[in-house]
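Architecture at a glance
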Amino acid sequence: MTMRPTDLDRVKALPLFRKVSPETFRDVTAGAFRQRFPAGTTLLMEGDPVDFLYVLLDGIVELQGTWKEKDTTLAVLRPVSTFILAAVVLDVDALMSARTLERSEILMLSGQALRRTMRQDAEFAMAVAEELSGCYRGLVRTVKNQKLRGGTEGLANYLITQRIRQGSKDTLVLPHEKRILASLLGMTPENLSRAFASLASHGVVVHGPEVTLTRPEALERLARPTPLIDNHMPPQARVLGKGEVESWSEETGYA
């Protein structure tokens, strides 16, 4: 499909393109096209060559990894976000699969045009470096969370983050089904159920996708969040700090 002016405006607002010149933006988006996909569509398989930088305009995309008979969710993306940037820059095969969780609209930018423009425009190359650096720092946060915390502590911090993102209300709605949430936290569904049960004594009440925090202060004492692991900024605040960007995922640092 032909790109609409509104599509270009949304892409231009991403941290990756926000500061580039009109000429550079025109070069990067030359030959780009927009496409709609139904829910459950595989956009990319791990191990595939990556010809495009994907920009999620509408819908939800899940990034997955597999090994033998196992699979795991690495990230869940919401608009507007880019993904597979590292593979595009290096011109290597994808390490993740991507599939739509609901009807989605994707803008695809030529990987070749992006690499060529990076060589020609130092300012744009710096923007790409900042984006990838932000992704890396998000990955470090995720690894620290999974390696340094038990499942109950990890879930407690996740609930605190969601509470802040959803307006600091005492009742929040889990943004994903529990199978996906378990994968994001590095847990099995059974361990996630046990972690929720353990948090009942800290005021966590679960009714389907709704979670009520009757004693948020007690939950925070258990979680002990730290800015060196956790990011409690609301999802619309994409720029976290100088060179640290979260335009790719509201959940984890994989991109």
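Numbering of residues starts from 1 in every chain and runs along the sequence as written. Reporting of local features is limited, given that this is a predicted model, to residues whose pLDDT is at least 70; pairs of side-chain atoms are given and counted only at 80 or more, and all residues count toward the totals for whole chains, interfaces and linings. The side-chain quantities take in all heavy atoms of the structure and omit both hydrogens and water.

Further remarks concern the packing of aromatic side chains. Classification of ring pairs uses Phe, Tyr and Trp, with its six-membered ring standing for Trp, and accepts pairs whose centres are within 6.5 Å; under 30 degrees between planes counts as stacked, over 60 as edge-to-face, and the remaining range as tilted. Counted by the stated rule, this structure contains four aromatic pairs. Seen from their ring centres, F33 and F52 are 5.4 Å apart, and the 85° between their planes marks the pair as edge-to-face. A residue pair is termed long-range when its members are at least 10 positions apart, and F33 in strand β1 (residues 33–37) and F52 in strand β3 (residues 52–58) qualify at 19 residues. Only protein chains enter the calculation, and the probe is 1.4 Å; a residue is then buried if its accessible area is under 20% of its type maximum, exposed if over 50%, and partly exposed in between. The exposure class assigned to F33 is partly exposed, which follows from its relative accessible area of 26%. A relative accessible area of 25% places F52 in the partly exposed class. With a centroid separation of 5.2 Å and 20° between ring planes, the pair formed by Y54 and F83 is classed as stacked. Secondary structure elements are defined from DSSP: runs of H or I of at least 4 residues count as helices, runs of E of at least 2 residues count as strands, and each element is numbered from the N terminus.

Summarising the model, the protein chain shows a mean pLDDT of 89, and 90% of its residues fall at 70 or more. In the predicted structure, residues 233–255 sits below a pLDDT of 50 and forms 76 contacts with residues beyond four places in sequence or in another chain. Note on scores: pLDDT gives the predictor's confidence for each residue, bounded by 0 and 100. Contacts: residue pairs with any heavy atoms within 4.5 Å of one another.

Let's shift gears to the side chain of E62. Positionally, E62 belongs in strand β4 (residues 61–67). A residue is classified by how much of its surface remains accessible, and E62, at 0% relative accessible area, is buried. Polar contacts, as counted here, are pairs of nitrogen or oxygen atoms within 3.5 Å of one another; within protein the pair requires one atom able to donate a hydrogen and one able to accept it, and residues that are adjacent in sequence qualify only if both atoms are side-chain atoms. For E62, the side chain forms a polar contact with the side chain of T73, separated by 2.4 Å. Look past the residues within four positions of E62 in its chain and what remains in contact with it is T73, A75, S97, A98, R99, L101, R179 and I180.

Another point: the nonpolar core. Here, nonpolar core means buried Ala, Val, Leu, Ile, Met, Phe, Trp, Tyr and Cys residues that are tied together by side-chain atoms lying within 4.5 Å of each other. Membership of the largest hydrophobic core comes to 40 residues, with the highest contact counts inside it found for F17, V61, F83 and F124. In terms of residue count, the dominant contributor to this core is β3 (five residues). The contacts of F83, once residues within four sequence positions are left out, are L43, L53, Y54, L56, V61, L63, L77 and A98. Core analysis: the second largest hydrophobic core is formed by 20 residues, A156, Y158, L172 and L185 among them.

Right, let's talk about the pattern of salt bridges for a bit. For this document, the term salt bridge refers to a Lys or Arg side-chain nitrogen within 4 Å of an Asp or Glu carboxyl oxygen. Considering all chains together, one arrives at 10 salt bridges under this definition. Of the charged contacts in the structure, one is a salt bridge between E177 and R179, with a shortest N-O distance of 3.5 Å. The class for R179 is partly exposed, based on a relative accessible area of 33%.

Let us now look at helix α9 (residues 216–223). Where α9 is concerned, the buried positions are P216, A218, L219 and A223. Here the buried residues of α9 occupy an arc of 160° about the axis, which is enough to place them on one side. Of the residues in α9, the exposed ones pointing more than 90 degrees away from the buried face are E217 and R221. Each element contacted by the buried residues of α9 is listed here: α6 (151–165), β10 (204–207) and β11 (210–213). The first or second residue beyond α9 is R224, which carries a positive phi of 50°. In this context, the arc is that of the directions from the helix axis out to the C-beta atoms.

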